[in-house]
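# Close look at the chain arrangement
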Number of protein chains: 2
Amino acid sequence: MKTEILTVGDEILIGQIVDINSAWIAKELGTWNIKPTRMISLSDNREEMLEIFKESFERSDLVIITGGLGPTKDDLTKDILAEFFNSGWRWDQETLDTLDGFFKERNRELSESNKKQAYLPDNCETIPNKWGTAPGMLFRKNGKILASFPGVPFEMQKMFRKYLIPEIVQNFKVPEIKTYHFLTINIPESVLSDKISDIEDSLPPNFSLAYLPNLNVVRLRLSYYKKLSSDEITFNKVIDDIRKRIVGNIVVEKDILFEDYIYQLLESRNQTLSVAESCTGGLVSSKLTQIAGISKVFMGGVVSYSNESKTDLLHVPKENFKKYGAVSKEVVGNMLDGCKERFHTDYSIAISGITGPGGGSSNKPVGTVYIGIIGPNGKIIEKHFFPGDRIRVMERTFFMAMEMLRKEILRS
Amino acid sequence: MKTEILTVGDEILIGQIVDINSAWIAKELGTWNIKPTRMISLSDNREEMLEIFKESFERSDLVIITGGLGPTKDDLTKDILAEFFNSGWRWDQETLDTLDGFFKERNRELSESNKKQAYLPDNCETIPNKWGTAPGMLFRKNGKILASFPGVPFEMQKMFRKYLIPEIVQNFKVPEIKTYHFLTINIPESVLSDKISDIEDSLPPNFSLAYLPNLNVVRLRLSYYKKLSSDEITFNKVIDDIRKRIVGNIVVEKDILFEDYIYQLLESRNQTLSVAESCTGGLVSSKLTQIAGISKVFMGGVVSYSNESKTDLLHVPKENFKKYGAVSKEVVGNMLDGCKERFHTDYSIAISGITGPGGGSSNKPVGTVYIGIIGPNGKIIEKHFFPGDRIRVMERTFFMAMEMLRKEILRS
């Protein structure tokens, strides 16, 4: 089944925005084992649009378009599609009602240009937009489907899942996909792949394995669609086989963000956390507090960027900076004690390191980071080295701190 | 001049990574007034690649390809280009030397598969890669150029600027572009555009104006290439005209990140900063500490996520939570005092608000944020309301805090 994704808009072509819609759509399709053959970004230009829509629909069974559906002069997708499919026009009452409600709710007048959004080609089905003003369109021809969505990611995503996915499943008889996830840490994608290459090579053709790496964390997704009655047994056997090979690197067997998992662990145990950060400068606190509801378990943190603040807020003895250096096991130990005392939490994390570009030495090069955890079982402090630029060192440190915390939580 | 950007790699087509190369390249080209007509992402498939390379080169004067240049079996770009351009093969000594140095530096053996990277089509020019292992290739035919780069953004960017830009300028006689930037805040793109629409409409054809919005911050870029001797006078007049219309919303007239500008302001005045964050949970500290060298001015912060920590670390009187609520002018005032006292800095920022999704009330709905600054001129505390989800409320708060701080710094 041939699929292409088209994104329309000058703002993409001039590099003003990065096209994130195509990757999102591709990932969604991936869970149904559909892999797009091309993604094309095109500008708001009549001739180009008509030519590309035509070519793309000729080559494909399914064409998905985002963008170019707004109420302004630049937005040409609807016009061009009507031309391509030789459409007449109709007023769509459902869209009018939705628009009416949308503007009333916001105490705004429904302008003529916005009203026009309910004027649609008469040979397409409406894809309702309950999250914005521009409806989507679905055209069918010779068993093929072309679907057009607004470019706003939030609106497109909601409409895509609610209306297009069921259409695809039905129209193309797409089999249901079952997935299983491993979240792993501290094993590079290439090493992970080597470790299980024989398992991967012997997978039946209706099975697939995807690697989704992010710094020192790799998400492994095993999926299959039902073909044989024995598939489920095979699926479970493959899961067991993979687990045996990489057990030491598995964080959790679930499709979840690392920090969300930590939140769930702490919440289910009614335990609390605080953080003392030096070189990560607030990144750990910031990542944690992006989780809605985290205030139940996260009490707060200290960003002790200067030595004075380490002493003043965390009671690190002044002499330890001279004796051991701010980036040392001893100072991180002091930071742990200070943090626990300040926040009275079950667990505290402390971090001190050198993220660069300056500040490194032969003894402690850029990328050297001490990470400590204090909890019911006492203190653990590890020295790590992370490659990469400033931001990468910080983000790798974050994941490692989460991993050390996870182990400590599960140990007690 | 017709330009297309192609990105090669299954990892893009399955949505595993977002293609950021195309947007980066488009932005670079934009400063030379070149706008790509298409961006195409294609998979590691021989037939597809050959077909698309062909079509694209036929349609265009300039084709830029990234990806598919590594040493593994999946990497087909070099082979397909050799087929397309009817190339023979040659060993490139300079690439061999670079590879040799690259691996020696890392104490690693130069494997056969890596050595093969120096084996290149005999009718292309080498684009040296000093930042990785895969060299780029530049083909010329009938006055057209096709350039191929590795997909690693860092390597591609360095090579692109150093080798391709001068080629483009020379080969296509691209005129030099001059630019001027306004960084603005608290004025939506549409309002900004309305305010200066007559100026924009009357720009000569060799002038252009681009809006680069990011939440409550919009970057405005005016550019032109020389055509008439009076262009420079026109340029300066347009700058003056725009300035007069939007003066109240201008942060700085420079192509710079907001936080980098704040860093420069503080550093040039030898002043220091600390931060007390509640609802932003460390985001302000984290954004600031992503700047290399910030330790000269940023002393640290407190993430006082719980009321207890606001009292314990910042000495917010307990009774004020009951009396005014944690999200109030009074508590932010207490946080400012506490923060300044703790860190002994010239300026402190304090933030308390409701980022949602829970915690809102009719009186203080989700999006309500109090932001305070304390400095040599005393305290300023403002109540703001920011629309959007949790993350957006945090990021808008960050920019607003930077803006309040900027004004306070410039006032003293």
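All figures in this text were calculated on a predicted structure; none of them were measured in a lab.

Rules of the game
- Residues numbered from 1 in each chain as written.
- Chains lettered and ligands numbered in written order.
- Predicted model: local features only at pLDDT ≥ 70, side-chain atom pairs only at ≥ 80, totals over all residues.
- Helix = DSSP H or I, 4+ residues; strand = E, 2+ residues; numbered from the N terminus.
- Buried ≥ 20, exposed ≤ 12 C-beta atoms within 10 Å, placed from the backbone.
- Contact = placed C-beta atoms within 7 Å.
- Nonpolar A, V, L, I, M, F, W, Y, C, P; charged D, E, K, R; others polar.
- Pairing = 2+ DSSP bridges.
- Least-squares fit on C-alpha atoms with pLDDT ≥ 70 in both.
- Core = buried A, V, L, I, M, F, W, Y, C linked by C-beta atoms within 7 Å.
- Axes fitted to C-alpha atoms, helices over the stretch in contact; angles between N-to-C directions.
- Domains from an automatic or database assignment.

## Quick word on the overall build of chain A
- Looking only at helices and strands, chain A has 16 helices and 17 strands in total.
- When its C-alpha atoms are laid out on the principal axes, chain A stretches across 80 × 60 × 40 Å.
- The buried share among the 412 residues of chain A stands at 43%.
- Put simply, 65% of the contacts in chain A that link residues at least 6 apart link residues at least 24 apart.

## Here we look at the interface of chain A and chain B
- In this assembly, 50 residues from chain A lie in contact with 50 residues from chain B.
- Only helix H2 (21–30), strand E2 (38–42), strand E10 (207–214), helix H12 (283–288), strand E14 (298–304), helix H13 (307–314), helix H15 (329–343) and helix H16 (390–411) of chain A provide two or more residues apiece to the side of chain A that touches chain B.
- Per-element accounting of the side of chain A that touches chain B gives the leading share, seven residues, to E14(A).
- Per-class residue counts for the side of chain A that touches chain B are 24 nonpolar, 18 polar and eight charged.
- Of the pairings in the sheet, the one linking E14(A) to strand E14 (residues 298–304) of chain B comprises five bridges and is antiparallel in character. Across the sheet, residue A:Val302 finds its bridge partner in E14(B), namely B:Val302.

## Section: the relation of the copies chain A and chain B
- When chain A is fitted to chain B, the residual RMSD is 0.2 Å, and the transformation amounts to a turn of 180° plus an axial shift of 0.1 Å. Given the turn and translation reported, the copies of this chain are related as if by a two-fold rotation axis.
- When the interface residues of chain A are mapped onto chain B, 100% of them are again interface residues, pointing to one common binding face.

## So, the nonpolar core
- In terms of nonpolar packing, the biggest core is built from 121 residues, with A:Met335, A:Ala401, B:Met335 and B:Ala401 touching the most fellow members.
- Ignoring any residue separated from it by four or fewer positions in sequence, one finds A:Ala401 in contact with A:Val284, A:Ile349, A:Ile351 and A:Ile371.
- The next biggest cluster of nonpolar side chains, apart from the first, holds 85 residues, and it includes A:Ile65, B:Ile14, B:Phe53 and B:Met159.

## Focus on the environment of B:Glu48
- Inspection of the secondary structure puts B:Glu48 in helix H3 (residues 46–59).
- Among the residues examined, B:Glu48 registers 17 C-beta atoms within 10 Å and is labelled partly exposed.
- Taking the C-alpha atoms as reference points, B:Glu48 and B:Trp32, separated by 16 residues in sequence, lie 31 Å from one another.
- Other than its neighbours up to four places away in sequence, B:Glu48 contacts A:Thr37, B:Leu42 and B:Ser43.

## Considering the sheet that holds strand E9 (residues 177–185) of chain B
Residues and elements named next belong to chain B.
- One open sheet accounts for four strands, arranged E10-E11-E9-E12; its pairing is antiparallel. Both outer strands of the open sheet, strand E10 (207–214) and strand E12 (250–252), are each paired with one neighbouring strand and no more. Averaged over neighbouring strand pairs, the angle between their axes works out to 30° when direction is ignored.
- Sheet topology places E9 next to E12; two bridges connect them, and they run antiparallel. Directly across from Leu-183, in E12, lies its bridge partner Val-252.

## Description of the pairing of strand E1 (residues 3–8) of chain B
All names here are of chain B.
- In terms of burial, E1 is a largely internal element, six of the six residues being buried.
- By the alternation rule, side chains of E1 split into Thr-3, Ile-5 and Thr-7 and Glu-4, Leu-6 and Val-8, which are all buried.
- Pairing geometry for E1 and strand E2 (residues 38–42), over five bridges, is parallel. Its bridge partner lying in E2, Thr-7 is registered against Ser-41.

## Overview of the domain arrangement of chain A
- If you check the domain split of chain A, you get domain 1 (3–171), domain 2 (177–252) and domain 3 (266–411).
- Look at where the C-alpha atoms of domain 1 of chain A and domain 2 of chain A centre, and you get two points 35 Å apart.

## As for the environment of B:Val302
- Note that B:Val302 resides in strand E14.
- Considering only alpha carbons, one finds B:Val302 and B:Glu167, 135 residues apart in sequence, at a separation of 51 Å.
- Those residues in contact with B:Val302 that sit more than four places away from it in its chain are A:Val302, B:Ala276, B:Leu313, B:Leu314, B:Cys339 and B:Arg342.

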